[in-house]
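Notes for the structure review
Next come the chains, spelled out residue by residue.
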Amino acid sequence: MNQTAKTGVSRCPIDHSAFSNNKPLSANGCPVSAGAAAFDPFSNDYQQSPPDYVRWAREEEPVFYSPKLGYWIVTRYDDVKAVFRDNKTFSPSIALEKITPNSDEANAVLASYDYGMSRTLVNEDEPAHMARRRLLIEPFTPEALKQHEPLVRKLARQYVDKFINDGKADLVNQMLWEAPLVVGLHFLGVPEEDMDLLRQYSIAHTVNTWGRPGPEEQIKVAHAVGNFWQLSGKILEKMRQNPEGGGWMQYGIRLQKDHPEVITDSYLHSMMMAGIVAGHETTAHGTANAIKILLQHPDAWREICEDPALIPNAVEECLRHNGSIAAWRRLATCDTRIGEVDIPAGAKLLMVSSSANHDDRKFEEAGTFDIRRENASEQLTFGYGSHQCMGKNLARMELQIFLEEFTRRLPHMKLSEQTFSYLPNTSFRGPEHLLVEWDPAQNPERTNPGILDLHAPLRLGEPSASAISRPVVVEQAILVTDDTLKLRLVSPDGKPLPRWTPGAHIDIECGDTGISRQYSLCSDPADTGHLEIAILKDPESRGGSAWIHDNIKQGDRIQIRGPRNHFRMDPDVKKMILVAGGIGITPISAMAREAKLRGIDYEIHYSGRSRSSMALLEELSALHGDRLKVYARDEGNRNDFATLLAKPDPDTQIYACGPTRMLDGLQQCCETWPEDALRMEHFHSVLGALDPSKENAFEVELKDSGLTLTVAADQTLLQALQGANIDVQSDCCEGLCGSCEVNVVQGEVDHRDVVLTRSEKELNNKMMSCCSRSVAGKKLVLAL
Ligand code: FES
């Protein structure tokens, strides 16, 4: 099959001779698969759900050539991220190219407007791109964005005020299209006049770039785009008269004085037009998609209405599951490979990032919408690497504030009966209308006007897993020893609780004291109906265990976070020595149960003051018989670690949890054992507060993002990364949990965490950004 000149590919790039005679030919004669031949991103099926539309490809043919489009289509998470990461092999230069080339007549119309859209931050190669990005990124940092919060809150209030008493609305028409446009214009520094015109023009820009307009529509679109171009130029000229304004464009105009070769006139004009589209449509569609999917999942909607602290992570899950950018483009600059597929130089790529976001290899049960998904923010809707969306945190701010306004004021809102339609195009996706309804008599502010003054704190940047909590009900609370309370927790709606693995813990929030404490799970991991923990009342308690003992009783509803596991069993372990001291038995009991289930050779060594003070003793004895060795101090029995561990065994691993003195003793006795044989649960960080007088500042180069940052002496690497708009997850911020891990390409790390094993630390290819630093202030290079 020969491609037409329309796609820019002169002939089919598939090597026909490489195919056997058995390979079925597609309808157009190519040896591409039937799915690849049928792929049409302008079809209604793609518009309704791009990830479902290419599900077959994710499973069977993750990278394929589409003869209809003249593009190679990339569908899996790792492949899409690898393409984003390498902006030299995969040039962004075609990101804004018209996917359906214009007719000569349409081009003539554009020329009549002196249309001259050229390179912007989105479609520019290096080295020009990073030079501009570095100069222009400052107004996008979380710190700088905070100044826009009052305006976004004010707009959310004003728009909802207009229809709150109507009982129904088309949210796209009445708010979600226009409000992000106002925010976008405000951010850019553009006056709000001409908003209606800008609205029409920016739709035309989408059709022009990513759509398939017919010949007549092309002419209409060309006039609109030409007008958009001219209006952008006029607005820019107005700004030049008053370059002291607070917008991003004025910031660029001011920088032009010192960097005229980097911030050129043509560049400013192109960015003016592209910035309006980029800042507006992505967020408008993103908010509509988010509200739609949340209302389609009433349990999730109810939960964010009841607990607004869940909104930041819910936003990430909405962006992952139903984001506003369905696909993005790159050009192969040389012969290369993506996954198992050879890609020729000059090939055009359509990376279906919405499909990558539904890849089960990356996201567990990716099709499930889960507002507590802990890796939701690894979605690729904002892209990745040096071209990642600069406005991602502005979008996050708008989404969070709009959702907060709706959940507080219209928690009883429902989707109306409707069929969703989308503007046919490959990349920008959101419903054209979003019809909702509610009973105005039930509006909470009619009986409680105070809700209008409530605000959840804004969270810019990566949402922290530590903010994701869930309610549970205490089904049983019994004292199992004089000072150990065992709690059995179930979900309030009878639904299964999250799965967990032995060694995992949950955090209990102690009412409104602001205190939360971690407790290891000791029930059966296979039973998702309930969770069990045992809490020792610590005589030195500063409020955690004492509060739980004094306040929690059967029937209470409490908030927990997790489960999370920092104390995992090695999946290949052959033999286990399990050592517990006192209440340290809780994770050990779950591990012992797992060892028994998996047929692993194991023994349990459990020490305590007296048998009556040792929790779970009876059930452990019943389940494990002779494998359980009990050392009760009042019986004169002590575990002799030196004898127990006298002979190192390469096939045995030791898992231990208990008082620090016990763990120190074990560590000494394991010195002759293989590295990493001993694995311990640490409840407390070994880190002190950062002491700037003793720390060195150091430089860190971010290879994928093309940035170099300085980590100040009074700052952690994590803080420096987040301050520069780089998404890195975090949770404990004490070197305990492993969620802030980053990959190290070069440089020596001063490891200060308790997550990595000794040999992992020696490998020096990853580090915990919340606590670890460079050795002696030398430079580090990270794969970020
Ligand atoms: Fe937990 Fe860094 S955030 S180890």
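Residues numbered from 1 in each chain as written. Predicted model: local features only at pLDDT ≥ 70, side-chain atom pairs only at ≥ 80, totals over all residues. Heavy atoms only, no water.

By the naming in an unreviewed UniProt entry, the chain is Cytochrome P450/oxidoreductase, taken from Advenella mandrilli.

Along the backbone of the chain there are 27 helices and 28 strands. Across the 784 residues in the chain, those meeting the buried criterion constitute 57%. Within the chain, contacts between residues at least 6 apart in sequence are counted, and of these 71% link residues at least 24 apart. Approximately 33300 Å² of the chain is accessible, and the part contributed by carbon and sulfur atoms is 48%. With 84 positive and 109 negative side-chain charges, the chain shows a spacing of 1 Å between the two charge centroids. (Helix = DSSP H or I, 4+ residues; strand = E, 2+ residues; numbered from the N terminus. Buried < 20%, exposed > 50% of the residue type's maximum accessible area, 1.4 Å probe, protein only. Contact = heavy atoms within 4.5 Å. Areas by Shrake-Rupley, 256 points an atom, 1.4 Å probe, with all protein chains shown as cover. Lys, Arg positive; Asp, Glu negative; His and termini not counted. Charge placed at Lys NZ, Arg CZ, Asp CG, Glu CD.)

This paragraph deals with helix H11 (residues 178-188). Here H11 lies mainly inside the structure; 9 of its 11 residues are buried. Among the residues making up H11, those that are buried are Ala179, Pro180, Leu181, Val182, Val183, Gly184, Leu185, Phe187 and Leu188.

Moving on, we get to the nonpolar core. Soluble globular proteins: nonpolar side chains tend toward being buried together. Membership of the largest hydrophobic core comes to 125 residues, with the highest contact counts inside it found for Leu136, Leu171, Met175, Trp248, Phe406 and Met413. If one sorts the elements of this core by residue count, helix H15 (residues 265-295) sits on top with 15 residues. In this structure, this core is formed jointly by two domains, domain 1 (5-94) and domain 2 (104-453), each of which donates at least three residues. In contact with Met175, not counting residues within four places along its chain, are Ala156, Tyr159, Val160, Phe163, Pro180, Phe402 and Phe406. Core analysis: the next-biggest nonpolar cluster, separate from the first, contains 26 residues, Leu702, Cys740, Val742 and Cys771 among them. (Core = buried A, V, L, I, M, F, W, Y, C linked by side-chain atoms within 4.5 Å. Domains from an automatic or database assignment.)

On to the domain arrangement of the chain. You can read the domains of the chain as domain 1 (5-94), domain 2 (104-453), domain 3 (465-565), domain 4 (575-680) and domain 5 (698-782). When each unit is reduced to the centre of its C-alpha atoms, the spacing between domain 2 and domain 3 is 40 Å. With 12 residues of domain 2 in contact, the opposing surface of domain 3 contributes 13 residues. Of the roughly 850 Å² buried between domain 2 and domain 3 on both sides combined, carbon and sulfur atoms contribute 36%. It is Asp299, Arg372 and Glu374 in domain 2 that bury the most area against domain 3; as a group they hold 52% of the surface buried on that side. Along the contact surface separating domain 2 from domain 3 lie 6 salt bridges. (Buried area = accessible area lost by both parts, 1.4 Å probe. Salt bridge = Lys/Arg side-chain N within 4 Å of Asp/Glu carboxyl O.)

The peptide bond linking Glu126 to Pro127 adopts the cis configuration, its omega dihedral lying at 5°. Inspection of the secondary structure puts Pro127 in the loop between helix H6 (104-112) and helix H7 (128-136). A positive phi angle is found at Leu616, which is not glycine, with a value near 65°. Position of Leu616 relative to the elements: it lies in the loop between strand S18 (601-608) and helix H23 (617-624). Positive phi values are uncommon outside glycine, yet Asn764 reaches one of about 65°.

Let us now look at the sheet that holds strand S26 (residues 766-768). Two strands in a sheet stick together by hydrogen bonds in their backbones, pointing the same way (parallel) or opposite ways (antiparallel). Read from one edge of the open sheet, 5 strands run S23-S22-S28-S24-S26, paired in mixed fashion. Each of the sheet's edge strands pairs with one partner strand only, and the pair in question is strand S23 (707-711) and S26. Direction aside, neighbouring strands of the sheet carry axes that sit 40° apart on average. Two strands pair when backbone bridges link them, and strand S24 (residues 741-746) and strand S28 (residues 780-782) are joined in this way by 2 bridges, in the antiparallel orientation. Note on S28: the bridge partner recorded for Val744 is Leu782. (Pairing = 2+ DSSP bridges. Axes fitted to C-alpha atoms, helices over the stretch in contact; angles between N-to-C directions.)

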